Amino acid sequence: MPDISAARNLYGSALAELGALVASLGEPPYRARQIFRAMYRRDALVPAGWSDLPAGLRRRLSERHVVRRPWVAGRRDAADGTRKYLLDLPAGGQVEAVAIPARERWTFCISSQIGCAFGCRFCMTARLGFTRHLTPGEIVGQVAALRADTGAPHGAYNIVFMGMGEPLHNLRGVMGALEILLHPLGFALRPRRITVSTVGLPDRIARLASLPEPPRLAVSLVTADPALRRELMPAARAVRLEDLAAAIRAYGAGRRDRPTLEVVMLAGVNDGPSHAAALARFARAARAKVNLIEFNPTPELPFRPSPEARVHGFLRSLSRAGVVGTVRRSRGRDIDAACGQLAFTGAAAERPAR
């Protein structure tokens, strides 16, 4: 067996990287496609078991490399069927991810960083601070781990980058993961099955849009009041709302599905008539739809959820202004798995690591 501390971990490698590897071993290019498919489509993590490869190649791979993805260290189940996972990472550290059941398919909410550097005042993950970016393998490995635990068939799930971290802060890792998730020999997902949620970084939104197959985009706007947004979201201080609206509009140009503006509804903070009017103006400028999100209260945060009647009044104001809006209901709140709650609170119950 290889020395794990010194061996290169193949999991997370792009097809081009595997192509360079097999070429260095004197093997034909199609061997890279076989390795790629084994790791990501079949979730086969032991090179010795890749029986479509010659025995000699399997032996050399086993001697020099490891294939390790995140694995489940713990899981908690909510009353509504939502599952929250504590995942150990091969390079050290842990993240949380969530699997949300629906009638036809699961939704996997995955993380892009350990912690977060952006300090949004209404989010528990922000209180952790920032530790590090995740690698492409640590990102797609969460999907593989949740897929294995839920038994979801290939393609019968959606992915949302709404777990720990700001995905576009880790743009390199996220774009590397998207390459594997979308590749026909990898996870073979369609772009419309993947949503990347961001606090709104215009230059990086443009870079995400440059992908051959961009995913869906969701922007955590929270409010279109510039002063209030800067107060609630420190990262917004460097972003002009006009620039953000232009980036969102450009991202959605030519797409059937409009980008989404996410608004966490905070009682007495961003849920008044003037906030609805400002949001409607921004949504029209950005050519985006709106998703109103229930705030999930915790003792550590100084906010309360907006009353139901106020949320629906806000939604009616958007509709009268010609803006399409919906309300997203919380899932998994009883196990601290809902939006903004991923902060290693209510730690997942212990279970065997593998």
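As the structure is a prediction and not an experimental result, all values here were calculated from the model. (Residues numbered from 1 in each chain as written. Predicted model: local features only at pLDDT ≥ 70, side-chain atom pairs only at ≥ 80, totals over all residues. Heavy atoms only, no water.)

Participant: So what's going on with the sheet that holds strand 5 (residues 94-100)? Which residues, and what values?
Facilitator: Spatially, the 10 strands line up as an open sheet ordered 3-4-5-6-9-10-11-12-13-14, and their pairing is mixed. Two strands in the sheet have a free side with no partner beyond their single neighbour: strand 3 (71-77) and strand 14 (325-328). Taking the axes of each pair of neighbouring strands and ignoring which way they run, one obtains an average angle of 25 degrees across the sheet. Helix 5 (residues 171-182) contacts strand 9 (157-161) and strand 10 (194-198) of the sheet and is inclined by roughly 175 degrees relative to strand 9. Of the strands in this sheet, strand 12 (260-265) and strand 13 (289-294) touch helix 9 (residues 273-286), which is tilted by about 165 degrees from strand 12. (Pairing = 2+ DSSP bridges. Helix = DSSP H or I, 4+ residues; strand = E, 2+ residues; numbered from the N terminus. Axes fitted to C-alpha atoms, helices over the stretch in contact; angles between N-to-C directions. Contact = heavy atoms within 4.5 Å.)

Participant: How would you summarise the pairing of strand 11 (residues 216-220) if you had to cite specific residues and measurements?
Facilitator: Counting buried positions along strand 11 yields 4 of 5 residues, so the element is predominantly enclosed. Of the strand pairs in this sheet, strand 10 and strand 11 are connected by 4 bridges, and their pairing is parallel. Of the residues in strand 11, the one forming a bridge with T195 is R216. Handedness of the crossover is the feature at issue here: the chain leaves strand 10, passes through helix 6 (residues 202-209), returns alongside strand 11, and the resulting connection is right-handed. In this structure, strand 11 lies alongside strand 12, joined through 3 bridges in parallel fashion. The partner of S220 across the bridge, within strand 12, is E262. (Buried < 20%, exposed > 50% of the residue type's maximum accessible area, 1.4 Å probe, protein only. Right-handed = clockwise from strand over helix to strand, strands pointing away.)

Participant: Outline the pattern of salt bridges, listing residues and values.
Facilitator: One pass over the full model with this rule turns up 17 salt bridges. A salt bridge links R60 to E27, with the shortest nitrogen-to-oxygen separation between them at 2.8 Å. Here R60, found in helix 3 (residues 55-64), pairs with E27, found in the loop between helix 1 (15-24) and helix 2 (30-40); they are 33 residues apart in sequence, far enough to count as distant. A salt bridge links E294 to R329, with the shortest nitrogen-to-oxygen separation between them at 4.0 Å. Residue E294 is found in strand 13, and its partner R329 is found in the segment after strand 14; the two are separated by 35 residues along the sequence. (Salt bridge = Lys/Arg side-chain N within 4 Å of Asp/Glu carboxyl O.)

Participant: Break down the packing of aromatic side chains for me, with residues and values.
Facilitator: The description of two aromatic rings rests on the distance between their centres and on the angle between their planes. In total, this model carries 5 aromatic pairs according to the counting rule given. Taken together, a centroid distance of 5.2 Å and an interplanar angle of 70 degrees make the contact between Y11 and Y40 edge-to-face. Placement of Y11 in the loop between strand 1 (8-9) and helix 1 and of Y40 in helix 2 is noted, with a sequence separation of 29 residues between them. The pair formed by Y11 and Y40 is uniform in burial state, with each residue classed as buried. The interplanar angle of 25 degrees and the centroid separation of 5.0 Å between the aromatic rings of F108 and Y157 together place this pair among those described as stacked. Here F108 is found in strand 6 (residues 106-109), whereas its partner Y157 is found in strand 9, with 49 residues between them in sequence. Among the residues examined, F108 registers a relative accessible area of 0% and is labelled buried. Overall, the relative accessible area of 0% leaves Y157 in the buried class. (Phe/Tyr/Trp six-rings, centres within 6.5 Å; stacked < 30°, edge-to-face > 60°.)

Participant: I'd love a proper account of helix 6, names of residues and values included.
Facilitator: Taken residue by residue, helix 6 has P202, I205 and L208 as its buried positions. Looking straight down helix 6, one finds that the buried residues subtend no more than 115 degrees of arc, so they occupy a single side. For helix 6, the secondary structure elements touched by its buried residues are helix 5, strand 10, strand 11 and helix 8 (241-252). (Arc of directions from axis to C-beta.)

Participant: Residues and numbers for the packing of helix 6 against helix 8, please.
Facilitator: Direction vectors running N to C along helix 6 and helix 8 enclose 5 degrees, while the axes themselves pass 9 Å from each other. Compared by their axis directions, helix 6 and helix 8 come out roughly parallel. On helix 8, the residues that touch P202, I205, L208 and A209 of helix 6 are D243, L244, A247 and Y251. Counted by class, the contact of helix 6 with helix 8 contains 7 nonpolar, no polar and 1 charged residues. (Parallel < 35°, antiparallel > 145°, perpendicular 65-115°, else oblique. Nonpolar A, V, L, I, M, F, W, Y, C, P; charged D, E, K, R; others polar.)

Participant: Lay out the environment of R331 with the relevant residues and their values.
Facilitator: Summarising the element assignment, R331 is placed in the segment after strand 14. Residue classification places R331 among the partly exposed residues on the basis of a relative accessible area of 28%.

Participant: Please give an account of unusual backbone geometry that cites residues and values.
Facilitator: For D43, which is not glycine, the phi torsion reads 55 degrees and is therefore positive. Note on D43: relative accessible area 19%, which makes it buried. The phi dihedral of A188 falls on the positive side, at around 55 degrees, and the residue is not glycine. Relative to the helices and strands, A188 resides in the loop between helix 5 and strand 10.

Participant: Could you give me a rundown of the side chain of Q142, with the residues and numbers involved?
Facilitator: The residue Q142 is located in helix 4 (residues 136-150) in this model. Residue class for Q142 comes out buried when judged on its relative accessible area of 0%. Of note is the side chain of Q142, whose polar atom sits 2.8 Å from the backbone oxygen of S111. If we ignore the near neighbours within four places in the chain, the residues touching Q142 are P70, L87, V95, E96, A97, I110, S111 and L134. (Polar contact = N/O pair within 3.5 Å; in protein donor to acceptor, adjacent residues only side chain to side chain.)

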